[in-house]
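Each chain, written out:
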Amino acid sequence: MMTTLKLSIHPVILPSQSSFYCPSKNPLHIFSKNESFISLGGGSKLLTVRCVSEKFSDGHDSDGSLDHAYKSIQMLKQEESSFLDILKGANRILPHVVIASTVLALIYPPSFTWFTSRYYAPALGFLMFAVGVNSSAKDFLEAFNRPSAIAAGYAGQFLLKPLLGYLFGTLSMTMFGLPTSLGAGILLTSCVSGAQLSNYATFLTDPQMAPLSIVMTSLSTATAAFVTPILSLLLIGKRLPVDVKGMVANILQIVVAPVMAGLLLNRFFPQVCNAIRPLLPPLSVFVTALCVGAPLAINIDSVLSPFGMSIVLLITAFHLSAFISGYVLSGIAFSKVPDVKPLQRTISYETGMQSSLLALALANKFFEDPLVGVPPAISVVIMSLMGFSLVMLWAKKKEK
């Protein structure tokens, strides 16, 4: 009587880095640097083949060589990973760096006074390039498909903000008894377009909303050539001639061109993007610190003037009201939108942060009284500190 033995084979997964095929007569012989057992069984029958390590023909211990090589590779990978993590995580310390640069500018202004206004366009352009590298054309197309959100950001910039400016400008003259020129400076600060720093703040908090923020800021900046003179005429009673061509050229240089360069680099040269992407966060932190510390250092006399502390208090209340109003009102208007929280943060940045440097330039160019330029100069610092403090606060909330 003939008995048929049926053998079922169950595959066993061995460590890929330590096992390899053993050339022997028995094809089931596999050996590794550690002792391994392979089970071939069916039912209650179990066949076990013990695999033991062998020596290389040259007499060297393969186990030691493999161990040493493997550990070396793992250490290199860990060091590289740690270094990249440090670079990518540089944005987390941005609020602390902003505070440190503010203190340094107050204690030793020459540390920032070399960073004059001519460097601002390239600096902001670099921040926009960093946003472009980490975005795609699809993100911007999706941003244009949200006209209601764009309109809300625009209304916050040119409707809500001027109303708040009128409120605090009036308070400065009535309750605080400050000169009319300082009140005019607060009003002028509320009439200008959005700040490019709001785009970067949005990128740090909600990267997917950065294209929408850029569209909002670009629209307000493009139309500021017409809207800012009208608002200044209504609120201050002085018509300010703004260079339309200069405003458009400013948008192209600071926003459009750098973002497009980043998008094209990301699209056609992804390997280059992957190589430079870890370096962008620490460089961006350094550039942002310069953009915050320099205006304070250059205008330190205005901040330390007899009216300085009163203006700091008023400007702080002005920006705080704008941040809160933008957040709360957008939450009410878009309560049924799935991404309502990121949208609230984006519109809050857009409403609370604006191009105070433009207001400062207009004040220096079209007003004889130098006090008009004090509120915009202080606004640059307060806006940046408050904006990046919110970045830190909201980022921690998202992590929780």
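For every chain, the first residue of the written sequence is number 1, and numbering continues from 1 onward in sequence order. Owing to the predicted nature of the model, reporting of local features is limited to residues with pLDDT of at least 70; listing and counting of side-chain atom pairs is limited to 80 or more, with chain, interface and lining totals taken over all residues. As a rule here, side-chain values come from all non-hydrogen atoms in the structure, and water together with hydrogens is ignored.

Notes on the overall build of the protein
1) Next: Within the protein, the regular secondary structure consists of 17 helices and 4 strands.
2) Next: Within the protein, buried positions represent 46% of all 400 residues.
3) Next: Considering only residue pairs separated by 6 or more positions, the protein has 77% of its internal contacts joining residues 24 or more positions apart.
4) Next: Accessible area for the protein stands at about 21,000 Å²; split by element, carbon and sulfur atoms hold 67% of it. Counting from the N terminus, the helices are the DSSP runs of H or I reaching at least four residues and the strands are the DSSP runs of E reaching at least two. Residue exposure (1.4 Å probe, protein chains only): buried if accessible area is under 20% of the type maximum, exposed if over 50%, otherwise partly exposed. Note on definitions: a residue-residue contact is assigned when non-hydrogen atoms from the two residues lie within 4.5 Å. Areas reported as accessible are Shrake-Rupley estimates using a 1.4 Å probe. Residue values count occlusion only from the protein chains shown.

Description of a nonpolar patch on the surface
1) Next: Patch definition: residues with relative accessible area over 30% and no salt bridge; like charges joined within 9 Å; nonpolar side chains (Val, Leu, Ile, Met, Phe, Trp, Tyr) joined within 5 Å. Salt bridge, as applied in this entry: a Lys or Arg side-chain nitrogen positioned within 4 Å of an Asp or Glu carboxyl oxygen. Taken together, the side chains of L252, V256, M260, L264, F268, F269 and V272 present a nonpolar region at the surface, about 650 Å² in accessible area.
2) Next: Per element, the largest residue contribution to the nonpolar patch is 5 residues, and it comes from helix α10 (residues 244-268).
3) Next: Relative to the elements of secondary structure, L264 occurs in helix α10.

What to know about the pattern of salt bridges
1) Next: Applying the stated criterion across every chain yields a total of 2 salt bridges.
2) Next: R146 serves as the salt-bridge partner of D339, at 2.8 Å between the closest nitrogen and oxygen. Of this pair, D339 sits in the loop between α14 (308-333) and α15 (340-352) while R146 sits in the loop between α5 (137-144) and α6 (147-174), placing them 193 residues apart in sequence.
3) Next: The partly exposed category is assigned to D339, whose relative accessible area is 23%.

Brief notes about the packing of aromatic side chains
Note on aromatic pairs: each is described by the distance of the centres and the angle between the planes.
1) Next: Pairing of aromatic side chains requires ring centres within 6.5 Å, counting the rings of Phe and Tyr and the six-membered ring of Trp. Pairs whose planes differ by under 30 degrees are stacked, by over 60 edge-to-face, and all others tilted. Summed over the entire model, instances satisfying the criterion amount to 8 aromatic pairs.
2) Next: Counting every residue linked through ring pairs, the aromatic cluster contains W114, F115 and Y119.
3) Next: When the ring centre of F268 is taken as reference, the NZ or CZ atom of R267 above it lies at 5.3 Å. By definition, being over a ring means that NZ of Lys or CZ of Arg is both within 6 Å of the ring centre and within 35 degrees of the ring normal.

Observations concerning the side chain of S356
1) Next: Inspection of the secondary structure assignment puts S356 in helix α16 (residues 356-366).
2) Next: At 2.7 Å, the side chain of S356 and the side chain of S379 are in polar contact.
3) Next: Excluding residues that lie within four positions of it along the chain, S356 makes contacts with T189, P376, S379, V380 and M383. Here a polar contact means two N or O atoms within 3.5 Å. Within protein one must be a hydrogen donor candidate and the other an acceptor candidate, and residues neighboring in sequence count only if both atoms are side-chain atoms.

Here's the deal with the confidence of the model for the protein
1) Next: Per-residue confidence from the predictor is reported as pLDDT, which spans 0 to 100. Per-residue confidence for the protein gives a mean pLDDT of 76, with 73% of residues at or over 70.
2) Next: Counted against residues more than four places away or in other chains, residues 1-60, with its pLDDT under 50, gives 65 contacts.
3) Next: Note that residues 76-84 has pLDDT below 50 and, in this model, 1 contact with residues that lie over four places away or in other chains.

Some points on α14
1) Next: Taking 1.5 Å per residue as the helical rise, α14 with its 26 residues ought to reach 38 Å, and the 37 Å between its terminal C-alpha atoms agrees with that figure.
2) Next: Residues of α14 that are buried: G308, I311, V312, L314, I315, F318, H319, A322, F323, G326, S330 and G331. Expected span of a helix: the number of residues minus one, times 1.5 Å.

Regarding the nonpolar core
1) Next: In this structure, Y200, L212, Y349, M353, I378 and F388 are the most contacted members of the largest nonpolar core, which totals 68 residues.
2) Next: Broken down by element, the residue count for this core peaks at 10 residues, all from helix α17 (residues 374-399).
3) Next: As used here, the term nonpolar core means buried Ala, Val, Leu, Ile, Met, Phe, Trp, Tyr and Cys residues forming a set that is joined through side-chain atoms within 4.5 Å. Of all hydrophobic cores here, the second largest spans 8 residues; its members include L188, V192, L362 and F367.

A short note on helix α9 (residues 210-235)
1) Next: If you check α9, its first and last C-alpha atoms are just 32 Å apart, much less than what 26 residues at 1.5 Å a residue would give, namely 38 Å.
2) Next: At any given residue, the bend is defined as the angle formed between two axes, one fitted to the seven residues that end at that position and one fitted to the seven that begin there. The principal kink in α9, of about 65°, is found at A224.
3) Next: The positive-phi residue at the C-terminal boundary of α9 is G237, with phi of around 85°.

Structural notes on the environment of I300
1) Next: Residue placement: I300 occurs in helix α13 (residues 300-303).
2) Next: A relative accessible area of 11% places I300 in the buried class.

Looking at the environment of L235
1) Next: Its location among the elements puts L235 in helix α9.
2) Next: Counting along the chain gives 47 residues from L235 to L188, while the straight-line C-alpha distance between them is 8.4 Å.
3) Next: Once residues within four sequence positions are removed from consideration, L235 is found in contact with P162, Y166, L187, S190 and C191.

Thoughts on the packing of α6 against α9
1) Next: Where helices are involved, their axes are fitted lines through C-alpha atoms of the stretch in contact, as for all axes, and angles between N-to-C directions lie from 0 to 180°. Between α6 and α9, the shortest axis-to-axis distance is 10 Å and the interhelical angle comes to 35°. In this structure, α6 crosses over α9, and the sense of that crossing is right-handed. Contacts between α6 and α9 involve A149, I150, G153, Y154, Q157, F158, P162 and Y166 from the former and L212, V215, M216, L219, S220, T223, A224, V227, T228, L231 and L235 from the latter.
2) Next: Here the residues of the contact of α6 with α9 are counted per class, giving 14 nonpolar, 5 polar and no charged. Each crossing is labelled by how the near helix is turned from the far one, with a counterclockwise turn of less than a right angle marking it left-handed and a clockwise turn marking it right-handed. Three classes are used, and their members are as follows: Ala, Val, Leu, Ile, Met, Phe, Trp, Tyr, Cys and Pro are nonpolar, Asp, Glu, Lys and Arg are charged, and the others, Gly among them, are polar.

A look at the side chain of T102
1) Next: Among the secondary structure elements, T102 is positioned in helix α2 (residues 94-107).
2) Next: Owing to a relative accessible area of 11%, T102 belongs among the buried residues under this scheme.
3) Next: T102 has contacts with V292, L296, V381 and L385, leaving out every residue within four places of it along the chain.

As for the environment of L212
1) Next: Of note, L212 is situated in helix α9.
2) Next: As for L212 and A149, which are separated by 63 residues in sequence, their C-alpha atoms are 8.3 Å apart.
3) Next: Leaving out residues up to four positions away in the same chain, L212 has contacts with A143, A149, I150 and L343.

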